[in-house]
Amino acid sequence: MIGYLRGTIIYLYTDYCLLDVQGVGYRVFIANSTRQKLRLHEEARLFTYTSVREDAIVLYGFAAQEEYDLFLQLIGVSGIGPKVALGILSAITVEGLCRAIQNKQTSVLTKLPGIGKKSAERLILELKDKVAFAGGEEEELTLTTDVLAGDDAVAEATEALKALGYTQAELAPVIRKTAKYKTTEAIIKASLKALSHM
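None of these values were measured; they are calculated from a predicted model.

K.L.:
Even after reading the chapter, I still don't get the packing of helix H2 (residues 65-75) against helix H4 (residues 94-102), so can you show me in this structure?
P.N.:
Helix-helix packing is characterised by the crossing angle of the two axes and by the distance between the axes. In contact at an axis separation of 10 Å, H2 and H4 are set at 40 degrees when each is read in the N-to-C sense. Between H2 and H4, the interaxial angle falls into the category oblique. The handedness of the crossing between H2 and H4 is left-handed. Mapping the contact onto sequence places Glu66, Glu67, Leu70 and Leu74 in H2 and Val94, Leu97 and Cys98 in H4. Looking at side-chain class alone, the contact of H2 with H4 contains 5 nonpolar, no polar and 2 charged residues.

K.L.:
Can you walk me through the nonpolar core in this structure?
P.N.:
Here is a general trend for soluble globular proteins: nonpolar side chains tend to be buried in one another's company. Ranked by internal contacts, the top residues of the largest apolar core, which has 31 residues, are Leu74, Leu89, Leu97, Leu109, Ile115 and Leu123. When residues no more than four places from it in sequence are discounted, the contact partners of leucine 123 are Leu74, Val77, Ile80, Ile101, Leu109, Ile115 and Lys128. The next biggest cluster of nonpolar side chains, apart from the first, holds 11 residues, and it includes Ile9, Cys17, Leu38 and Leu59.

K.L.:
How do you make sense of the pairing of strand S5 (residues 57-62) when you look at a structure like this?
P.N.:
The buried count for S5 comes to 5 of 6 residues, which makes it a mostly enclosed element. Bridge analysis of strand S4 (residues 43-52) against S5 gives 6 bridges, and the strand direction is antiparallel. Pairing of valine 52 across the sheet is with isoleucine 57, part of S5. Where S4 hands over to S5, the hairpin turn is made up of 4 residues, counted between the paired strands.

What counts, and at which threshold
Residues numbered from 1 in each chain as written. Predicted model: local features only at pLDDT ≥ 70, side-chain atom pairs only at ≥ 80, totals over all residues. Heavy atoms only, no water. Axes fitted to C-alpha atoms, helices over the stretch in contact; angles between N-to-C directions. Helix = DSSP H or I, 4+ residues; strand = E, 2+ residues; numbered from the N terminus. Parallel < 35°, antiparallel > 145°, perpendicular 65-115°, else oblique. Left-handed = near helix turned anticlockwise from the far one by under 90°. Contact = heavy atoms within 4.5 Å. Nonpolar A, V, L, I, M, F, W, Y, C, P; charged D, E, K, R; others polar. Core = buried A, V, L, I, M, F, W, Y, C linked by side-chain atoms within 4.5 Å. Buried < 20%, exposed > 50% of the residue type's maximum accessible area, 1.4 Å probe, protein only. Pairing = 2+ DSSP bridges.

Okay, structure coming up:
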């Protein structure tokens, strides 16, 4: 399916945008955090998830890889679909959500749209280990958004390293240091070298 789209923002609404990709306009539903990074008539790249239902095919887009990854984890939880997951990410930051799950703060989670007590408990049960980033430090929760959103080589290298079995937590501090290299191959090579010494 579509992994990401790069094009020009031609319309920007509250919960979706229209992205012109070589003359084809894609309607992509977005969270508030992504919307804030987009500008009309400027180029943007969105990591995308395609939801296929009997009555519709819907695209969801994210400016940052870590937000996309968390979205995938959310929809993997029983009872949480793409629309609810997007609502959650519109209501809380990636860091805030991960912290609430790690600290088992059901009072925080139940304030999110579409999340009741049982859903909050399922989020904690199913995701507490998956979002347990190294050291539990807030800065390790995400990769640098600007780097991921603006550099194809960094994004491609990150995906390649994930395919080798490395986690987001392991890659975050390494990619910050190796993003200075200009090609995908150079970033992968430098990252593997750094990872081997960790």
